[in-house]
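# Secondary and tertiary structure notes
Each chain, written out:
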Amino acid sequence: MPRRKILTGRQRAALFDLPTDEALLLHHYTLADDDLEIIRSRRRPHNRFGFALQLCALRYPGRLLAPGEVIPLEITRFLAAQLGLRPEDLAEYASREETRHEHLAILRELYGYKMFAGRGSRDLKVWLEKKAETARSNEDLARWFVDRCRSTQTILPGITVIERLCADALVAAERRIDARIVDRLDDGMRDRLDALLTESADGSVTRFVWLRQFEVGRNSADMNRLLDRLGALQDIALDNSLLSDIPPHRVSGLRRQGERYFAGDMRDISGDRRLAILAVCVLEWRSAVADAVVETHDRIVGKTWREAKSRSDACVAEAKSTLKDTLKAFSTLGSALLEAHEDQAPLEEAIQNSGGWSALRDLVATAAQLTDTLAADPLAHVVQGYHRFRRYGPRMLRALEIKAAPVAEPLLTAAEIIADGDTTTTRPRTFLRRTSKWHRHLKDDDGHRLWEVAVMCHLREGFRSGDVWLAHSRRYGDLKEALVPAEVARATPRLVVPFEPEAWLADRKARLANGLQRLARAARAGAIPGGLIENGILKLDRLTAAVPEEADAMVLDLYRRLPEVRITDLLLEVDDEVGFTEAFTHLRTGVPCKDRIGLLNVLLAEGLNLGLSKMAGATNTHDYFQLSRLSRWHIESDAMAHALAMVIEGQSTLPMAQFWGAGQTASSDGQFFPTSRQGEAMNLVNAKYGNEPGLKAYTHVSDQFGPFATQTIPATVNEAPYILDGLLMTDAGQNVREQYADTGGFTDHVFAVTALLGFQFIPRIRDLPSKRLYLFDPTSCPKELKGLIGGKIREPIIAINWPDILRSAATMVAGTMPPSHLLRKFAAYPRQHELAVALREIGRVERTLFIIDWLLDADMQRRAQIGLNKGEAHHALKNALRIGRQGEIRDRTSEGQHYRMAGLNLLAAIVIYWNTKHLGNAVAERRREGLDCSPSLLAHTSPLGWAHILLTGEYRWPKT
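The following paragraphs examine the structure supplied in this document. (Residues numbered from 1 in each chain as written. Predicted model: local features only at pLDDT ≥ 70, side-chain atom pairs only at ≥ 80, totals over all residues. Heavy atoms only, no water.)

## What about the layout of surface pockets?
If you add up the space inside the second largest pocket, you get close to 850 Å³. Contributing to the lining of the second largest pocket are 34 residues, with Ile866, Asn869, Lys870, Ala939 and His940 lying nearest its centre. A per-element tally of the lining of the second largest pocket places helix 39 (residues 858–881) first, with nine residues. Looking at side-chain class alone, the lining of the second largest pocket contains 17 nonpolar, 11 polar and six charged residues. (1 Å grid on protein atoms, 1.4 Å probe; cavity = no way out; pocket = protein on both sides within 12 Å on 5 of 7 lines; lining within 4 Å. Points joined across faces, edges and corners; volume = space filled by probe spheres on them. Helix = DSSP H or I, 4+ residues; strand = E, 2+ residues; numbered from the N terminus. Nonpolar A, V, L, I, M, F, W, Y, C, P; charged D, E, K, R; others polar.)

## Things to note about the sheet that holds strand 8 (residues 707–714)
The sheet built from five strands is open, its strands ordered 8-7-6-9-10 with mixed pairing. Here the strands that pair on one side only, and so sit at the sheet edges, are strand 8 and strand 10 (760–763). Pairs of neighbouring strands in the sheet enclose a mean axial angle of 25°, with direction left out of account. Sitting on the sheet, helix 39 touches strand 6 (665–674), strand 7 (694–702), strand 8, strand 9 (738–741) and strand 10, and the angle it makes with strand 6 is about 35°. (Pairing = 2+ DSSP bridges. Axes fitted to C-alpha atoms, helices over the stretch in contact; angles between N-to-C directions. Contact = heavy atoms within 4.5 Å.)

## Thoughts on the pattern of salt bridges
Scanning all chains against the criterion turns up 56 salt bridges. A salt bridge links Glu163 to Arg12, with the shortest nitrogen-to-oxygen separation between them at 3.8 Å. With Glu163 in helix 9 (residues 159–182) and Arg12 in helix 1 (residues 9–16), the pair connects residues that are 151 residues apart, well separated along the chain. Residue Glu163 is classed as buried on the basis of its relative accessible area, which comes to 0%. (Salt bridge = Lys/Arg side-chain N within 4 Å of Asp/Glu carboxyl O. Buried < 20%, exposed > 50% of the residue type's maximum accessible area, 1.4 Å probe, protein only.)

## Overview of empty space enclosed by the protein
Inspection of every chain in the model, using the stated rule, returns five cavities of 30 Å³ or more. Considered as a void within the structure, the largest cavity measures approximately 70 Å³ in volume. Lining the largest cavity are Ser667, Ser668, Asp669, Gln671, Ala697, Thr699, Val701, Gly871, His874, His875 and Lys878. At the level of elements, strand 6, strand 7 and helix 39 are the ones that each hand at least two residues to the lining of the largest cavity. A class-by-class count of the residues in the lining of the largest cavity yields two nonpolar, seven polar and two charged. Volume-wise, the second largest cavity comes out at about 50 Å³. Forming the boundary of the second largest cavity are Leu571, Phe580, Leu603, Leu604, Gly903, Leu906, Leu907 and Ile910. Of all the elements in the fold, those that place two or more residues in the lining of the second largest cavity are helix 28 (596–607) and helix 40 (894–928). Of all the elements, helix 40 adds the most residues to the lining of the second largest cavity, at four residues. Taken together, the residues that form the lining of the second largest cavity break down as seven nonpolar, one polar and no charged.

## Notes on the environment of Ser121
Turning to its location among the elements, Ser121 is positioned in helix 7 (residues 118–132). For Ser121, a relative accessible area of 8% gives the class buried. Here the alpha-carbon distance between Ser121 and Arg521, two residues 400 residues apart in the chain, equals 73 Å.

## Some points on the packing of helix 26 (residues 549–561) against helix 40
Two numbers describe how helix 26 lies on helix 40: the axes approach to 9 Å, and their chain directions differ by 105°. One finds that helix 26 runs roughly perpendicular with respect to helix 40. Together, Met554, Asp557, Leu558, Tyr559 and Arg561 of helix 26 and Asn915, Leu919, Ala922, Val923, Glu925 and Arg926 of helix 40 make up the contact between the two elements. Its residues placed into classes, the contact of helix 26 with helix 40 shows six nonpolar, one polar and four charged. (Parallel < 35°, antiparallel > 145°, perpendicular 65-115°, else oblique.)

## Some words on the environment of Met615
Take Met615: it is sitting in helix 29 (residues 612–618). Discounting chain neighbours no more than four positions away, the residues touching Met615 are Asn601, Leu604, Ala605, Leu610, Leu627 and Tyr955.

## Observations regarding the packing of aromatic side chains
One pass over the structure, following the stated rule, counts 14 aromatic pairs. Ring centres 5.8 Å apart and planes at 75° place the aromatic pair Phe463 and Tyr476 in the edge-to-face group. Residue Phe463 is found in helix 22 (residues 449–465), and its partner Tyr476 is found in the loop between strand 2 (468–470) and helix 23 (479–482); the two are separated by 13 residues along the sequence. Take Phe463 and Tyr476: they sit in the same class, and that class is buried. Summarising the aromatic geometry, the rings of Trp504 and Trp802 are spaced 5.4 Å apart at their centres and angled 40° between planes, so their arrangement reads as tilted. A residue pair is termed long-range when its members are at least 10 positions apart, and Trp504 in helix 25 (residues 501–525) and Trp802 in helix 36 (residues 795–814) qualify at 298 residues. Take Trp802: its relative accessible area is 1%, and that puts it in the buried class. (Phe/Tyr/Trp six-rings, centres within 6.5 Å; stacked < 30°, edge-to-face > 60°.)

## Regarding the packing of helix 20 (residues 409–420) against helix 22
At a minimum axis separation of 10 Å, helix 20 and helix 22 run at an interaxial angle of 125°. Relative to helix 22, the element helix 20 lies oblique. Handedness of the crossing formed by helix 20 with helix 22: left-handed. Between helix 20, through Leu411, Ala414, Ala415, Ile417 and Ile418, and helix 22, the contact on the second element is made entirely by Trp451, Glu452, Val455, Met456, His458 and Leu459. Classifying every residue of the contact of helix 20 with helix 22 by side-chain character gives nine nonpolar, one polar and one charged. (Left-handed = near helix turned anticlockwise from the far one by under 90°.)

Below you can see the structure in the form of structure tokens.
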């Protein structure tokens, strides 16, 4: 039977190789006094040396030394220094095998080490089988097993034994989970699930394939197609408790497998496995389709408002010529009346000479009509969307399991009236605020059409804010259930604020008072760097660049020294050093991909925006179907993120990267990418980028130029909520201390949460002089700053909501939902929910402190400028890399768009790694020539060049 190989060579080395890193040697191979006493009882130097070496190997990595194993020189020198011996003294130890066995027996007796055998091995196997259910990868389980052996002083068996044990445990865990799910299904449910693989949905595909073909739509037709699928999934009537005790990553894995199998392949899978995949897919798709329904409704409402705004603007534009004529006529009439009045002539005659009373009546009527037209807002035209909502609204409201907070119960009552189709019931308006503009328009509502439109529009806002939610939904679930308990918040080390609001308030009051005094003194002395406060108005100068003249010449010389390289050779070189392809394991087995060249072809196709079909024609190794199979079973979001993290970590350890920073500051910014024309119909047009539809890649870039996180977001959304995603959901982001962003990346809520979690948030605010300061006591403000004060901090609301504020921040740290989801809900509260208001007040405090520090600290301004420039320079590199399809993202599915953006970011990170390494070589070459390579100059270099990289043409790989 062939050996089951589930780990790569790099992974096996990480578990079994003897350490050579200085920190590991100090931690594991430093001998204690009692160790030295036992070792010195050996008579000959080589025996003392060998005895100590065996002891250290048993401690870490926890294994026996192999016969003839070459011991790294770092270890022999480290031990020799502690034992007072020479490294050469170890050479004689390997000459007598019996001595090694005798020493091993003594070590086991003295230190309690035991072999992997007997009851101990059986207990470890039982433990391993239990842990296998929660393991996310083969490597995780193998590492846990090795750690367990070390903690129990069990000598590690051979690596092949460990791989076989882990593989068997993972298979057994998989079968137990499958059986656990299937045992909860009755015979009728099993038959209904199996029928999905044989029944035809529309004459061309099976119902199973048809159910998984869904995307967020853009119109009522798409909505009804989604509702068809939601209805079919609900008719299967699977209970959500079916997966109550199944680890979430196991559920996700089963779903991903179901989305990659074809119906014929599914029918060939054994019973329990097949039924488990089908059951998970039905439950997961049911929730996902419901979320897609809500998102589609959101887009339809947005499109309706955009059209209403366009109609309103068109009416105003059409009225301009009539307005001009009307004003001219009134001017003529007024002049005639004034002239008659001055001449004491009859006014009647003046009116008759100007057209008569009939013309005057028409003129007054036209003026009244123009007044109404110019005063009209989009609400006057939004009723045009009634027929669009009517085509799906009642059906959607009946299909969704909508819940509501007490404040939104009137809205839910109104939605139920629409769902029931009751035309006789009185239409309540209690879901509207008293000051709402809807009331004025609803007075003239004919047939309650506008009322239904109002309900559908407010339902959208309710879902956005969290006032209404869906049961069993990840994106639109109950916000209260998502927040972690108070005791979890208290145990969250990332929170850097006291748990008592009084302590935080006292600290911020003191800091504000001190900051205001410093700013006032600087204003009086004219000592604000690059600015001044004159008559209560803040004026700032543009920050000047501070780049030495020699830096440009040095950068050009360094890049001239870089070797020209094909993108294929570049990928192979970086993978040889980092091993990022090991992150792309098989979705079914968890085994790393064996076809490295094929996988690199797929990643290159994503990163260059070519697509698999174009890549198949350009490469010399694989056809389309081979690439498609690799993409289907190895490419997924977690793997992309893991590979990126490996490249970023590797690049950060290169010597050249240290000249750019320590990885503790970062910037984030969105980059626009055009999409196919269907984006216009999907409400994905942002006026900032013209009429071209598109999406944005929101990327976090470290001070070492590593793009450690990227998200694909609609071009129409605010970027600010996504700042914390990159910081909290990646290891590199957790190391950041200062985060820079542009004007579009800040809100008061972001200021609040970053401060609660210990990040120094430094946005570059374009219109900073227009921003106001908020104080606890505005009356105590120095007179020089009176004109900058915007209002008073509502202290009581912060104190009352402090526990929930901490819960919200801890929830973002816990990762139970992306921070952006939570921040978007807070920003969308239409009724100014108290928690959202409290966060806003905290944000105002932190923003005021930031503005004071910014105005007085020119170094902070320059750091932010440098950080943001690094992020913007990334845009140029990515624009150069996305050579395929004229740079347009043509993938129709959100998953495809995400992979295209993630692939581009990974490719950019790989190029940055290669450039960082070879720039370091070029610097060493310059130093040998005696040229200036001072750290102050090297800080102005960057690894973002690409002129030396051959990106186009055929993609030739070496024969392997």
